[in-house]
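Summary of structural features
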Amino acid sequence: MRTKSIEILKKALKENTAVGAFNTANLEISQSIIRAADNLCKPCIIQATTTTMDYTNNSIGEIVKSVIDKESNGASIGFHLDHGHNLHDVIKAIELGVDSAMIDASKMSFQENKEITKKVVEHAHPKGIAVQAELGRVPYLGREKMSVNWEEIMTDPKQAKELVEETGVDALAIAIGNAHGFFRERNEPDWDRLKEIRKLLPETPLILHGASDWEGKKARKAVKLGINCFNIDTDIRIAFCTALCKMAGGKHCEVSDPRKILKVARDEVQSKVEEKIKLFAG
Ligand code: G3H
Ligand code: 13P
Ligand code: ZN
């Protein structure tokens, strides 16, 4: 059932729980995510980056909308643009059918971040589209030096409050020592920082990017202290590729129907997404 991502996030905030926002790249991964949510009857967000929009020549919008319409029954599913870099990305994603968009200006100065976030909010809100901003930086493996100065890049709680109040943004991605992919994360997340941000922004859903390696106790503690959404990409990409490699490179190389191979990868991703949904929902 298509539901606005912001409604899913606000419900999670109210209930002091969290959902997963899972990245899709194709038909099969979209099916895995939606089937997992439906199977568990839990809300979730399916999201695509501009990389995926380009890769699919923009078909990802129709793919996601169609899979939700044709396959989902009870579970609430939101559709979100992950890591839009400018207003143009957001405009394009809205045309493709997202109900929520991220403007990631985390590499810009605080002032520039506020300005571009405000501009995106002013464009998106009249169309009923919610906006997620990022403050502080969540590093990427392979895109920057292997070690970072965490104190320099984590979210400043007072700035977080100022950004939300001045821009009217709906949700905020924060940096508390988390990192994308298998970049080495801070030894211990900065829990006090998370508590402070949650205290200063009691009504704003907080998003944790780079959550593939946030398991068990660490994820549960993050939920308890105020995280409402975990972004997951790497873990499900790996599940998909590993299943494909096993099928294609191993004893199944006689299979000549790609659907037989992709089906196994799709099932593998569904199990992985179900595992995560259960973890975040508690
Ligand atoms: O956080 C963002 C993604 O994991 C990177 O996604 O390779 O689709 O741009 P992309
Ligand atoms: P991971 O690739 O670490 O799961 O992070 C995903 C993410 O943050 C998508 O925005
Ligand atoms: Zn991210």
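Preceding this section is the structure that the text describes.
Report on the accompanying structure.

A look at the side chain of Lys 65
By the element assignment, Lys 65 lies in helix H4 (residues 60–71). Exposure remark for Lys 65: the relative accessible area of 18% places this residue in the buried category. A distance of 3.3 Å separates the side chain of Lys 65 from the side chain of Glu 62, its partner in a polar contact. In contact with Lys 65, other than residues within four places in its own chain, are Arg 2, Phe 79, Leu 96 and Gly 97.

What to know about the pairing of strand S8 (residues 227–232)
Most of S8 is tucked away: 6 of the 6 residues are buried. Two strands pair when backbone bridges link them, and strand S1 (residues 19–23) and S8 are joined in this way by 4 bridges, in the parallel orientation. Along S8, the bridge assignment pairs Gly 20 with Phe 230. Relative to S8, strand S7 (residues 206–208) is paired through 3 bridges, and the arrangement is parallel. Pairing of Ile 207 across the sheet is with Cys 229, part of S8. Note that the unit made of S7, helix H10 (residues 216–225) and S8 has a crossover that is right-handed.

Some details on the coordination of the zinc ion (ligand 3)
Ideal donor angles around a metal are set by the shape: a four-donor tetrahedron calls for 109.5 degrees, a six-donor octahedron for 90 or 180 degrees. Coordination of the zinc ion (ligand 3) by the protein comes from His 83 (NE2), His 180 (NE2) and His 209 (ND1), over a distance range of 2.1 Å. One way to put it: the 6 donor atoms around the zinc ion (ligand 3) meet at angles of 69 to 163 degrees, and that makes the site irregular. On the primary sequence, the residues serving as donors to the zinc ion (ligand 3) are separated as H-x96-H-x28-H. Taken together, the residues His 180 in the loop between strand S6 (171–174) and helix H9 (191–200) and His 209 in the loop between S7 and H10 connect sequence positions 29 residues apart. Note on accessibility: His 180 and His 209 belong to one class, buried.

Calculation notes
Residues numbered from 1 in each chain as written. Chains lettered and ligands numbered in written order. Predicted model: local features only at pLDDT ≥ 70, side-chain atom pairs only at ≥ 80, totals over all residues. Heavy atoms only, no water. Helix = DSSP H or I, 4+ residues; strand = E, 2+ residues; numbered from the N terminus. Buried < 20%, exposed > 50% of the residue type's maximum accessible area, 1.4 Å probe, protein only. Polar contact = N/O pair within 3.5 Å; in protein donor to acceptor, adjacent residues only side chain to side chain. Contact = heavy atoms within 4.5 Å. Pairing = 2+ DSSP bridges. Right-handed = clockwise from strand over helix to strand, strands pointing away. Donors = N, O, S within 2.8 Å, 3.2 Å for Na, K, Ca; no water. Tetrahedral: all angles 85-135°; square planar, octahedral: opposite > 155°, others 65-115°.

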